[in-house]
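Residue-level listing of the chains:
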Amino acid sequence: KAKKNLNTNFEYYAPEMEEETTWRLDMIRQLTRDFEAKKLQLWYQPQVDLVTEQIVGMEALLRWPTSDGCFVSPVVFVPLAEYSGLIIDIGIWVLEESCRKLSALSAQGYTGLRMAVNISMPQFRDPNFIDTVKNIITKFGVEPDRIELEITESVVMDEPQIVIEALQELKLFGVKVAIDDFGTGFSSMSYLQQLPLDRLKVDRSFINEITPGKSAFIAETIVTLGNKLGLSTIAEGVETREQASYMLKLGCDEAQGFLFAKPMPYEQLLEFLAAQDS
Ligand code: C2E
Ligand code: MG
Ligand code: MG
Ligand code: MG
């Protein structure tokens, strides 16, 4: 917030900026400490086939517990982890933990499930990124096509060449690629031709409105675009029955949202999967 006002009155805003910087450094220090103390958690939100409503996979989502039993939102701490570079190590742990759990699920008989993992820009800048991803997937004996990397449009636009090349190589290895929050990046469509994509995730902001209106038209357009490009589509943030049937009617393949399940710890995911079986 202070940054925006940089050119108006620096002296006036300087104390506020200092406060913000201190806050940020404190948070980064605490996050680093908690990450090293293995206090970060990975939760899982089921993704369902819209026709059968069977679970087809899940998205791995970071959780940072505080001492008072609450959680710091990833919307707050992921940008700090990106800013500090800590996201590279956290990202490695997220991928390892995802593969560990996927392989445990497979051993329990849940063999067909897919795990979506969010990837940030600094991870692509890490020269070891491609090898790290391949090594982790191999180490845990996971079929590469069970892992789906989720990247946002802004990641692609930031440094298209690095991202396109990395994804092309990882695609050859077998992993899947999805564009997250699709439609919010407000960016060029040209990368849709260059990226080796498998799926578009229709952003939650277009799902909210199911009556004819701008959001609904955008959701419809994204699903149509995905279908025509031969990509599968998933709606994120589906909270109501109406939204689910509307997205199904549009031809959207899958959904993820509170209607079906909230993100949950692994133990709870196991119970959720078992309940679906019976
Ligand atoms: P995202 O990747 O778009 O994840 C989806 C977010 O939508 C999650 O928020 C999820 O809890 C929330 N959500 C799902 N269904 C619903 C719904 O029906 N209603 C509402 N209101 N929300 C729903 P969360 O877990 O707070 O994560 C926020 C963001 O933090 C993620 O957005 C992602 O950008 C980032 N993030 C989380 N985990 C990781 C990670 O391991 N690595 C990286 N790089 N980023 C992560
Ligand atoms: Mg995501
Ligand atoms: Mg998303
Ligand atoms: Mg989102």
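All values reported here derive from a predicted model rather than from experimental measurement. (Residues numbered from 1 in each chain as written. Chains lettered and ligands numbered in written order. Predicted model: local features only at pLDDT ≥ 70, side-chain atom pairs only at ≥ 80, totals over all residues. Heavy atoms only, no water.)

Overview of the site of ligand 1
By nearness alone, 22 residues border ligand 1, and Arg63, Ser120, Asp180, Glu239 and Phe258 come closest of all. Here Arg204 contributes a side-chain N or O atom positioned 3.1 Å from a nitrogen atom of ligand 1. Isolated, ligand 1 exposes 810 Å² of accessible area, and the fraction of that covered by the protein chains is 84%. One can see that ligand 1 is located within the largest pocket. Residue contributions to the shell around ligand 1 peak at 4 residues, all from strand 2 (residues 55-65). (Near = heavy atom within 4 Å. Polar contact = N/O pair within 3.5 Å; in protein donor to acceptor, adjacent residues only side chain to side chain. Areas by Shrake-Rupley, 256 points an atom, 1.4 Å probe, with all protein chains shown as cover. 1 Å grid on protein atoms, 1.4 Å probe; cavity = no way out; pocket = protein on both sides within 12 Å on 5 of 7 lines; lining within 4 Å. Sits in = over half its atoms within 2 Å of the grid points. Helix = DSSP H or I, 4+ residues; strand = E, 2+ residues; numbered from the N terminus.)

Quick notes on the nonpolar core
The biggest cluster of nonpolar side chains holds 83 residues, and the ones touching the most others in it are Phe124, Ile147 and Met247. Sorting elements by how many residues they give to this core places helix 3 (residues 87-107) first, with 7 residues. Other than its neighbours up to four places away in sequence, Met247 contacts Leu50, Val202, Ile207, Ala219, Val223, Ala235 and Cys252. (Core = buried A, V, L, I, M, F, W, Y, C linked by side-chain atoms within 4.5 Å. Buried < 20%, exposed > 50% of the residue type's maximum accessible area, 1.4 Å probe, protein only. Contact = heavy atoms within 4.5 Å.)

With respect to helix 2 (residues 74-84)
Each full turn of the α-helix corresponds to 3.6 residues, which orients residues three or four apart in the same direction. Turning to helix 2, its buried residues number three or more, namely Phe77, Val78, Leu80 and Ala81. Around the axis of helix 2, the buried residues are gathered within 160° of arc, so they sit on the same side. Turned more than 90 degrees off the buried face of helix 2, the exposed positions are Val75 and Tyr83. One side-chain oxygen of the residue at the start of helix 2 lies 3.0 Å from the amide nitrogen of Val75, identifying that residue as Ser73. Positive phi appears at Gly85, one or two residues downstream of helix 2, with a value of about 90°. (Arc of directions from axis to C-beta.)

Examining the coordination of the magnesium ion (ligand 3)
Tetrahedral coordination by four donors sets the ideal angle at the metal to 109.5 degrees; octahedral coordination by six donors sets it to 90 or 180 degrees. At this site the magnesium ion (ligand 3) is bound by Asp180 (OD), Asp181 (OD), Glu236 (OE) and Glu236 (OE), with donor distances of 2.1 to 2.4 Å. For the magnesium ion (ligand 3), all donor residues lie on one chain, and their spacing in sequence is D-D-x54-E. Here the magnesium ion (ligand 3) and the magnesium ion (ligand 2) are spaced 3.8 Å apart, with Asp180 acting as a shared donor. Of this pair, Asp181 sits in strand 6 (residues 176-182) while Glu236 is found in strand 8 (residues 232-236), placing the two residues 55 residues apart along the sequence. Using a relative accessible area of 24% as the deciding quantity, one classes Asp181 as partly exposed. (Donors = N, O, S within 2.8 Å, 3.2 Å for Na, K, Ca; no water.)

Digging into the packing of aromatic side chains
This model, assessed by the stated rule, comprises 4 aromatic pairs. Ring centres 6.3 Å apart and planes at 75° place the aromatic pair Tyr44 and Tyr266 in the edge-to-face group. Taken together, the residues span a long stretch of sequence, with Tyr44 in strand 1 (residues 41-49) and Tyr266 in helix 11 (residues 266-277) at a distance of 222 residues. The exposure classification of Tyr44 matches that of Tyr266, with both residues buried. Plain terms: the ring middles of Phe124 and Phe129 are 5.0 Å apart, the flat faces sit at 55° to each other, and that makes the pair tilted. A single burial state applies to Phe124 and to Phe129, both of which are buried. (Phe/Tyr/Trp six-rings, centres within 6.5 Å; stacked < 30°, edge-to-face > 60°.)

Some words on the pattern of salt bridges
Enumeration over the complete set of coordinates arrives at 18 salt bridges. The residue Glu53 makes a salt bridge to Arg241 at a minimum N-O spacing of 2.8 Å. With Glu53 in the loop between strand 1 and strand 2 and Arg241 in helix 10 (residues 241-250), the pair connects residues that are 188 residues apart, well separated along the chain. On the basis of relative accessible area, Glu53 is assigned to the partly exposed category, the value being 28%. Of the charged contacts, one joins Lys176 and Asp198 as a salt bridge, the two residues approaching to 3.9 Å between their closest N and O atoms. Within this pair, whereas Lys176 is found in strand 6, its partner Asp198 is found in the loop between helix 8 (191-194) and strand 7 (199-202), the two being separated by 22 residues in sequence. Connected through shared salt-bridge partners, Glu59, Glu150, Lys201 and Glu236 make up one network. (Salt bridge = Lys/Arg side-chain N within 4 Å of Asp/Glu carboxyl O.)

Quick look at the environment of Pro127
With respect to the helices, strands and loops of the structure, Pro127 is situated in the loop between helix 4 (121-125) and helix 5 (129-139). Along the primary structure Pro127 and Asn208 are separated by 81 residues, whereas in three dimensions their C-alpha atoms are 39 Å apart.

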